Amino acid sequence: MALGRQRERQSEMLVTWADLPRSPGHAFYDRLQAELLAAGFDGFVEEQCARYYAARRGRPSLPPGRYFRMLLVGYFEGIDSERGLEWRCADSLSLREFLRLGEREPVPDHSWLSRTRGRMPLEMHEQVFAWVLRRLNSHGLIKGERIGVDRGGTDCC
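Residues numbered from 1 in each chain as written. Predicted model: local features only at pLDDT ≥ 70, side-chain atom pairs only at ≥ 80, totals over all residues. Heavy atoms only, no water.

A. Structural context of the environment of Arg135. In this structure, Arg135 sits in helix α7 (residues 122-138). Sequence spacing of Arg135 and Ala39 is 96 residues, and the spatial spacing of their C-alpha atoms is 8.3 Å. (Helix = DSSP H or I, 4+ residues; strand = E, 2+ residues; numbered from the N terminus.)

B. Geometry of the confidence of the model for the protein chain. Confidence in the prediction for the protein chain averages 82 pLDDT; 78% of positions are at 70 or higher. When pLDDT is averaged over each element of the protein chain, helix α4 (residues 82-90) comes out on top at 93 and helix α6 (residues 110-119) at the bottom at 87. (pLDDT = per-residue confidence, 0-100.)

C. Quick peek at the nonpolar core. Ranked by size, the top nonpolar core spans 31 residues in total, and within it Leu36, Phe41 and Phe68 carry the most contacts. Elements with a minimum of two residues in this core: α1 (27-38), α2 (41-49), α3 (64-77), α4, α5 (93-98) and α7. Per element, the largest residue contribution to this core is seven residues, and it comes from α7. For Leu36, the residues in contact, after removing those within four places along its chain, are Phe41, Arg69, Leu72, Phe98, Trp131 and Val132. (Core = buried A, V, L, I, M, F, W, Y, C linked by side-chain atoms within 4.5 Å. Buried < 20%, exposed > 50% of the residue type's maximum accessible area, 1.4 Å probe, protein only. Contact = heavy atoms within 4.5 Å.)

D. Just the pattern of salt bridges, in detail. Summed over the entire model, instances satisfying the criterion amount to five salt bridges. Here Arg100 makes a salt bridge to Asp42, at a shortest N to O gap of 2.8 Å. With Arg100 in the loop between α5 and α6 and Asp42 in helix α2, the pair connects residues that are 58 residues apart, well separated along the chain. Taking relative accessible area as the criterion, Arg100 reaches 43% and is therefore assigned partly exposed. Asp42 sits in the buried class, given a relative accessible area of 16%. (Salt bridge = Lys/Arg side-chain N within 4 Å of Asp/Glu carboxyl O.)

E. Just α7, in detail. In this model, α7 (17 residues) spans 24 Å end to end at C-alpha, consistent with the 24 Å of a helix rising 1.5 Å per residue. Taken together, the buried positions of α7 are occupied by Met124, His125, Val128, Phe129, Ala130, Trp131, Val132, Leu133 and Leu136. Buried residues in α7 make contact with α1, α2, α3 and α6. (Expected span 1.5 Å × (residues − 1).)

F. Spotlight on the packing of α4 against α6. Their axes nearest at 8 Å, the elements α4 and α6 cross at an angle of 125°. Viewed along their axes, α4 and α6 adopt a mutual orientation that is oblique. In the packing of α4 onto α6, the handedness of the crossing is right-handed. Residue-level inspection shows Glu82, Arg83, Leu85 and Glu86 of α4 in contact with α6, the latter providing His110, Leu113, Ser114 and Arg117. Residues that form the contact of α4 with α6 fall into these classes: two nonpolar, two polar and four charged. (Axes fitted to C-alpha atoms, helices over the stretch in contact; angles between N-to-C directions. Parallel < 35°, antiparallel > 145°, perpendicular 65-115°, else oblique. Left-handed = near helix turned anticlockwise from the far one by under 90°. Nonpolar A, V, L, I, M, F, W, Y, C, P; charged D, E, K, R; others polar.)

And the structure:
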């Protein structure tokens, strides 16, 4: 058997989205996405968050549905840094699909996450997470008997 040698890589000049390798997906995130879409998650969070955004100033911001999906990834995967969350989502084709990113759209960077988080009060985050956890619990996607809230708040499920 001859020795295989690593050679310099020369990438193609043009690669189409259809030519990129496909991930079989992640079973949990696929089911979570189906539930979020069926329940009208994006419309719900856009309606809830609308008062925290300007009506017509500046460039469009990070859509609330994408923002909260990224936070859900952090929650379910135990990622507590915005940079770590950006890296994880950028590194995974199945998470890009979960975030509903187009073929040429970049993953929102940590500064967008930080600005968006700073725009909304903690109560908004609690309301959205409670909404998601109730639906996941009712469809058997999560298991657990108790959820603790660290700031003395109320149970969400």
